[in-house]
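# Structural features, examined
Single-letter residue listing:
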Amino acid sequence: MLIYLLAFVGGVLTILSPCILPVLPFVFAHADRPFRRAGLPLLLGMALTFSLVATAAAYGGHWVVRLNQGGRYVAMAVFLILGLTLLFPELAEAATRPLVRAGSRLQGAPSSQEQSITKSFVLGISTGLLWAPCAGPILGLILTGAAIQGPGARSSFLLLSYALGAATSLGIALFAGKKVFSTMKNSLRFDIWIRRTLGAAVILGVTAIALGWDTNLLAKFSFANTAIAEQHLIHALGAPKPAAALAPINSAEPTPPLADEGPMPELTGAVAWLNSPPLTRDQLRGKVVVMDFWTYSCINCLRALPYVEGWAAKYKDAGLVVIGVHTPEFAFEKERANVEQAVHDLKITYPVAIDSNYKIWQAFHNEYWPAHYFIDGQGRIRYHHFGEGEYDESERVIQQLLKDNGAKSLADGTINVSATGAEAAPDLADTRSPETYVGYKRAEHFASAQLFAQDTRMAYTPLPRLTLNQWALGGSWKVGPESAVLETAPGKIIYRFHARDLHLVLGPTKTGKPIRFKVTLDGTAPGGDHGSDTDPSGAGTVQGHRLYQLIRQKGPVEDRTFEIEFQDPGVQAFAFTFG
């Protein structure tokens, strides 16, 4: 919301710019007429014209930038020109003089004092063209950003907010009369120096980007890990979300307070149960229960599994029941055979409810993977934890609930887990790449030369230079809402990342035929930095739908370019995760 407010304020302040002067005579010409019939329609027409034309320019600019790898340099050239127009206002006036003349011709001679609302509105539309000398430099910055990031409703509403802000200030000027006109003239000298300072800053920024200083400085002086925040932003529209991993706390700390969060819901709605017949709330009364909501392609869930399995084994005889609730994120995780295979491969022995229809998930009002709910012997939820980490604290909750339930001679201390492969603990302190989806529904930072051709086969070409967290397709792919499918081999995916581990959720098409691939780091074989699903040469095979660990760096973590090339068609790529 703040960004729209800032755009609105920017529009309001437009009236202080010296190049607003060509517009003001047309506005003040209506000062002696009824505002509702003359001034208001004029201002609304101006705002509408400005918003529509600017939005069209944003969409057109987006296509120009994405046509080829030269788009980055086109954008920098535009910024350089805008910086110069801010630094030298006479350049802005000269560049937009044709628009001024066009607007003047459309305005024509002043109309009669009795002009209708319709005529005022039409005059407002034509007056919008005269706005260009004032809005040009600032508007250009907004349009260039839209061209680089991609246009959409957000860019359109930003432009509309800017237009409404400017129209508001002009409306106030209409009420205040011509005294405002003389007052504004006194502020123009100060405003020119502000514009020149901004222009110098823009030119300096273009220079930094052209020389590559931006990425180097950000890599060296990044004080905050934004991966978790970006994951929440990706799911901000309501999709379920993998919970953030948290740092474990000291095991010497006391057990956290246990509240009463309500009764445990019924466990009805699962499509099947593994390792157990269906369990009910009444059957579990008198037992301490841990509910683990997970899905087998989620890296956060996989890293929490060794602890959940450890609790199930350690406290089984003391009255603990662990229940895994497998709730899918992707369509392939709804298939019972896939879940059964994952449970077998992960050596899970406690009961697992296959919650493909989200019935148990919704009964608990859950929103995260993984999510752990701790239930006492009376069937009351006493504690919950979302995400990874704080395992010692969670285990102390289990111990306290078991003691309250009458358990005797509990083993001291907490379990010590030493996991390998994808289940090993992450290196969150040096992870700067967020979870990234390949399907167009939630894709971010896509950087092929072509736009997504939704649900249609398209030949993609990666841009030659990716910045941190950009990714691209190469070859013939069909991109759907949740995954991309390679139509013909070879084909590749490239990602510029910063993390110790890189994982990719992959699977074959329904034919089930194995798909060979090879990965590289910065153009060479990964060697000792290969993951558990690749060898030192980078070779591997996709043989089922799951998360594949492709890179685990042994040395210092820095920005690296990952590339995976598939030697057979039919692979489905879903999402990157890091750790």
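Residues numbered from 1 in each chain as written. Predicted model: local features only at pLDDT ≥ 70, side-chain atom pairs only at ≥ 80, totals over all residues. Heavy atoms only, no water.

### Here's the deal with the overall build of the protein chain
Secondary structure summary: the protein chain contains 17 helices and 18 strands in total. For the protein chain, the residues scored as buried account for 50% of the 579 residues in total. About 27,000 Å² of surface is accessible on the protein chain, with carbon and sulfur atoms providing 60% of the total. (Helix = DSSP H or I, 4+ residues; strand = E, 2+ residues; numbered from the N terminus. Buried < 20%, exposed > 50% of the residue type's maximum accessible area, 1.4 Å probe, protein only. Areas by Shrake-Rupley, 256 points an atom, 1.4 Å probe, with all protein chains shown as cover.)

### With respect to the pattern of salt bridges
Evaluated as defined, the whole model comprises 14 salt bridges. Here Asp501 and Arg500 are joined by a salt bridge, their closest N and O atoms 2.7 Å apart. Both residues of the pair, Asp501 and Arg500, belong to the buried class. Residues Asp533 and Arg546 are paired through a salt bridge, measuring 2.8 Å at the closest nitrogen-oxygen approach. On the criterion of sequence distance, the pair formed by Asp533 in the loop between β14 (515-521) and β15 (539-542) and Arg546 in strand β16 (residues 546-552) is long-range, its members being 13 residues apart. Relative accessible area serves as the criterion here: at 31%, Arg546 is assigned to the partly exposed category. (Salt bridge = Lys/Arg side-chain N within 4 Å of Asp/Glu carboxyl O.)

### Structural notes on the environment of Asp355
You can see Asp355 is positioned in the loop between β5 (352-354) and α16 (359-363). For the pair formed by Asp355 and Ala272, sequence separation is 83 residues and the distance between their alpha carbons is 7.7 Å. In this structure, Asp355 is in contact with Val325, His326, Thr327, Pro328, Ile360 and Trp361, ignoring residues within four places of it in sequence. There is a polar contact of 3.3 Å between the side chain of Asp355 and the side chain of Thr327. Here the side chain of Asp355 touches Trp361 through a polar contact of 3.0 Å, landing on its backbone nitrogen. (Contact = heavy atoms within 4.5 Å. Polar contact = N/O pair within 3.5 Å; in protein donor to acceptor, adjacent residues only side chain to side chain.)

### Here we look at the pairing of strand β13 (residues 501-508)
For β13, a buried count of eight out of eight residues is recorded, marking the element as mostly surrounded by other parts of the structure. Across the two faces of β13 the burial is the same, with Asp501, His503, Val505 and Gly507 and Leu502, Leu504, Leu506 and Pro508 all buried. Judged from the six bridges that link them, β13 and β16 form a sheet pairing that is antiparallel. In the sheet register, Leu504 faces β16, and the bridge partner there is Tyr548. Of the strand pairs in this sheet, β13 and strand β18 (residues 571-578) are connected by seven bridges, and their pairing is antiparallel. (Pairing = 2+ DSSP bridges.)

### Points about the pairing of strand β3 (residues 288-294)
Of all seven residues in β3, seven are buried; the element is thus mostly enclosed. Across seven bridges, the pairing between β3 and strand β4 (residues 320-326) is parallel. Residue Asp292 lies in a different strand from β4, and its bridge partner there is Gly324. The handedness of the β3 to β4 crossover, carried by helix α14 (residues 299-315), is right-handed. (Right-handed = clockwise from strand over helix to strand, strands pointing away.)

### Side note on the nonpolar core
Formed by 66 residues in total, the largest nonpolar core has its most connected members in Met291 and Ile323. Among the elements that take part in this core, α14 stands out by supplying ten residues, more than any other. Setting aside chain neighbours within four positions, we find Ile323 in contact with Leu267, Trp273, Leu279, Leu284, Val289, Val290, Met291, Asp292 and Pro351. Counting 33 residues, the second-largest nonpolar core is a separate cluster that includes Val479, Tyr548, Phe576 and Phe578. (Core = buried A, V, L, I, M, F, W, Y, C linked by side-chain atoms within 4.5 Å.)

### Some details on the packing of aromatic side chains
The tally for this structure, following the rule as stated, stands at 27 aromatic pairs. Between Trp311 and Phe374 the ring centres are 6.5 Å apart and the planes differ by 55 degrees, which places this aromatic pair in the tilted class. Of this pair, Trp311 sits in helix α14 while Phe374 sits in strand β7 (residues 371-375), and the two are 63 residues apart along the sequence. Neither Trp311 nor Phe374 differs from the other in exposure class; each is buried. Relative to Tyr383, the ring of Phe374 lies with its centre 5.6 Å away and its plane at 50 degrees, an arrangement referred to as tilted. (Phe/Tyr/Trp six-rings, centres within 6.5 Å; stacked < 30°, edge-to-face > 60°.)

### Some points on unusual backbone geometry
Looking along the chain, the bond that leaves Trp369 and enters Pro370 is cis, with omega of -20 degrees. In this structure, Asn275 takes a positive phi of about 65 degrees despite not being glycine. Locating Asn275 in the fold gives a position in the loop between β2 (272-274) and α13 (281-284). Of the residues examined, Asn275 reaches a relative accessible area of 44% and is grouped as partly exposed. The phi angle at Tyr358 is positive, at roughly 65 degrees, despite the residue not being glycine. Relative to the assigned elements, Tyr358 resides in the loop between β5 and α16. For Tyr358, a relative accessible area of 18% corresponds to the buried category.

### What to know about the sheet that holds β3
The strand order across the open sheet formed by six strands is β2-β5-β4-β3-β7-β8, and the pairing between neighbours is mixed. In this open sheet, the two strands that pair with only one neighbour each are β2 and β8 (381-386). Adjacent strand axes in the sheet meet at a mean angle of 20 degrees when their direction is disregarded. Pairing between β3 and β7: five bridges, direction antiparallel. Looking across to β7, one finds that Val290 is bridged to Phe374. Along the sheet, helix α15 (residues 336-345) contacts β2, β3, β4 and β5; its crossing angle with β2, the most-contacted strand, is approximately 15 degrees. (Axes fitted to C-alpha atoms, helices over the stretch in contact; angles between N-to-C directions.)

### Here we look at the confidence of the model for the protein chain
Taken residue by residue, the protein chain gives an average pLDDT of 77. The fraction at 70 or more is 62%. Contacts for the low-pLDDT stretch residues 144-150, under 50 throughout, to residues beyond four places or in other chains number 17 contacts. (pLDDT = per-residue confidence, 0-100.)

### Side note on a nonpolar patch on the surface
Side chains of Leu84, Phe88 and Leu91 sit close together on the surface and give an oily, nonpolar patch of about 230 Å² of accessible area. Within the secondary structure layout, Leu84 lies in helix α4 (residues 71-87). (Patch = residues over 30% accessible without salt bridge, like charges linked within 9 Å, V, L, I, M, F, W, Y side chains within 5 Å.)

### With respect to the layout of surface pockets
By volume, the second largest pocket is sized at about 830 Å³. Taken together, 33 residues line the second largest pocket, and the ones lying closest to its centre are Tyr296, Gly544, His545, Arg546 and Leu547. When contributions to the lining of the second largest pocket are tallied by element, the ones reaching two or more residues are α15, β15, β16 and β18. When grouped by side-chain class, the residues that make up the lining of the second largest pocket number twelve nonpolar, 13 polar and eight charged. (1 Å grid on protein atoms, 1.4 Å probe; cavity = no way out; pocket = protein on both sides within 12 Å on 5 of 7 lines; lining within 4 Å. Points joined across faces, edges and corners; volume = space filled by probe spheres on them. Nonpolar A, V, L, I, M, F, W, Y, C, P; charged D, E, K, R; others polar.)

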